[in-house]
Structures are given as structure tokens and as C-alpha cells.
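# Inside the fold
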Amino acid sequence: MSKTSQTQEPLSELEKAMDVIIDVFHQYSRREGDKDTLTKKELKLLIEKQLANYLKHVKNKATIDEIMKDLDINKDAQISFCEAMLLIIRVTIATHEHLHEVEDQQQHQHKHQHQHHH
């Protein structure tokens, strides 16, 4: 993947994280079918390999079929990058909430210490 300009600032933490999300999406989307979308099989693999820990934080547990149906907004049986981002956003929000819940439980035992940086 080629980065845009030669003379650019070093990437920030957030920009590096964005690059990783894009790279990981492509690692799975290129396996079969359209190179820029995920088939159900590719989505299943991505979820199993890349979201094994954090998907647990999402309150309503869904099967791969349900996740696929939910994300596939245009009903083409493929998950585009935009559609995949909806899952990543949902899991990230759930994980953020989970970190605060853990923090609140610890707070009752100790003084307030932030587990992650805002």
C-alpha cells in the first residue's frame, strides 16, 4: 500500500491504528471473491482471528450469520470496508464501556486509577 506524499509528518498513533485496520481488512478481503469486500467466510475468519477477545464485550451475542445480515446494509452478500467498520466501531465502543466498568469495580477497592489513556 503506497502512502500518499513523500514529505509527510510521521504518522500519529491514531493514524497508525487506522492503517492497521485497513491492512487487516485487506488481509482477509483478498482471500476469495472480490478483493475489496469480505465474503461470509472471510468475515468469519476475520472475527475469529482478529476480534476473539474484544467481541466478548459486545452485550448481545450474535452468530456470524446474524452479524453478516446486520452489517450487509446493501444486501449484496458481501461486506464492504464501510460495512466492516460498523462492526469495528461497535466492538470498540463496547470495549471502551467494558474498560470503564472494570475501572469502576476497581475504584470501589482502590483510589481512581485510569486503565487506559483518554
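Residues numbered from 1 in each chain as written. Predicted model: local features only at pLDDT ≥ 70, side-chain atom pairs only at ≥ 80, totals over all residues. Heavy atoms only, no water.

### As for the packing of aromatic side chains
Centre-to-centre distance and the angle between the planes together describe a pair of aromatic rings. What counts, and what does not: Each aromatic pair joins two rings of Phe, Tyr and Trp (for Trp, the six-membered one) with centres within 6.5 Å, and gets the label stacked for planes under 30 degrees apart, edge-to-face for over 60, and tilted for any other angle. Secondary structure elements follow DSSP: runs of H or I no shorter than four residues count as helices, runs of E no shorter than two count as strands, and numbering proceeds from the N terminus.
Counted according to the given criterion, the structure contains 1 aromatic pair. Each ring, one from Phe25 and one from Phe81, has its centre 5.1 Å from the other, and the planes form 85°; the classification is edge-to-face. Here Phe81 lies in helix H4 (residues 81-109) and Phe25 lies in helix H1 (residues 13-29), a separation of 56 residues in the sequence.

### Observations regarding unusual backbone geometry
Just so we agree on the cut-off: Summary of the burial criterion: residues with accessible area below 20% of their type's maximum are buried, those above 50% are exposed, and those between are partly exposed, where the area comes from a 1.4 Å probe applied to protein chains only.
Phi at Lys75 is positive, roughly 55°, even though this residue is not glycine. Following the sequence through the fold, Lys75 ends up in the loop between helix H3 (64-71) and H4. Under the relative-accessibility criterion, Lys75 is labelled exposed at 58%. For Ala77, which is not a glycine, the phi torsion comes out positive at approximately 60°. Tracing the chain through its elements places Ala77 in the loop between H3 and H4.

### Considerations on the packing of H3 against H4
What counts, and what does not: In this description, a line fitted to the C-alpha atoms serves as the axis of each element, helices being fitted only across the stretch in contact, and the angle between N-to-C directions of two axes falls anywhere from 0 to 180 degrees. Throughout, a crossing is termed right-handed when the near helix is turned clockwise from the far one, and left-handed when it is turned anticlockwise from it by less than a right angle. In this description, contact between two residues means that some pair of their heavy atoms is separated by no more than 4.5 Å. Classification convention: Asp, Glu, Lys, Arg as charged; Ala, Val, Leu, Ile, Met, Phe, Trp, Tyr, Cys, Pro as nonpolar; all other residues, Gly among them, as polar.
In the contact formed by H3 and H4, the axes pass within 9 Å of each other and the chain directions differ by 120°. Seen along the crossing, H3 lies across H4 with a hand that is right-handed. Where H3 abuts H4, its residues Ile67, Asp70 and Leu71 lie against Glu83, Leu86, Leu87 and Arg90. Residues of the contact of H3 with H4, tallied by class, amount to 4 nonpolar, no polar and 3 charged.

### Comments concerning the environment of Asp36
The cut-off we apply is this: What qualifies as a polar contact is a pair of N or O atoms within 3.5 Å, subject to a donor-acceptor requirement within protein and to the restriction that residues adjacent in sequence count only when both atoms come from side chains.
Note on placement: Asp36 falls in the loop between H1 and helix H2 (40-50). Given a relative accessible area of 42%, Asp36 falls into the partly exposed group. Considered as a pair, Asp36 and Gln78 are 42 residues apart in the sequence and their alpha carbons are 9.5 Å apart. Not counting residues within four places of it along the chain, the set of residues in contact with Asp36 comprises Phe25, His26, Ser29, Ser80 and Phe81. In terms of polar contacts, Asp36 uses its side chain to reach the side chain of His26, at 2.8 Å.

So, to be careful, I would describe these as geometric facts and stop short of saying anything about function.
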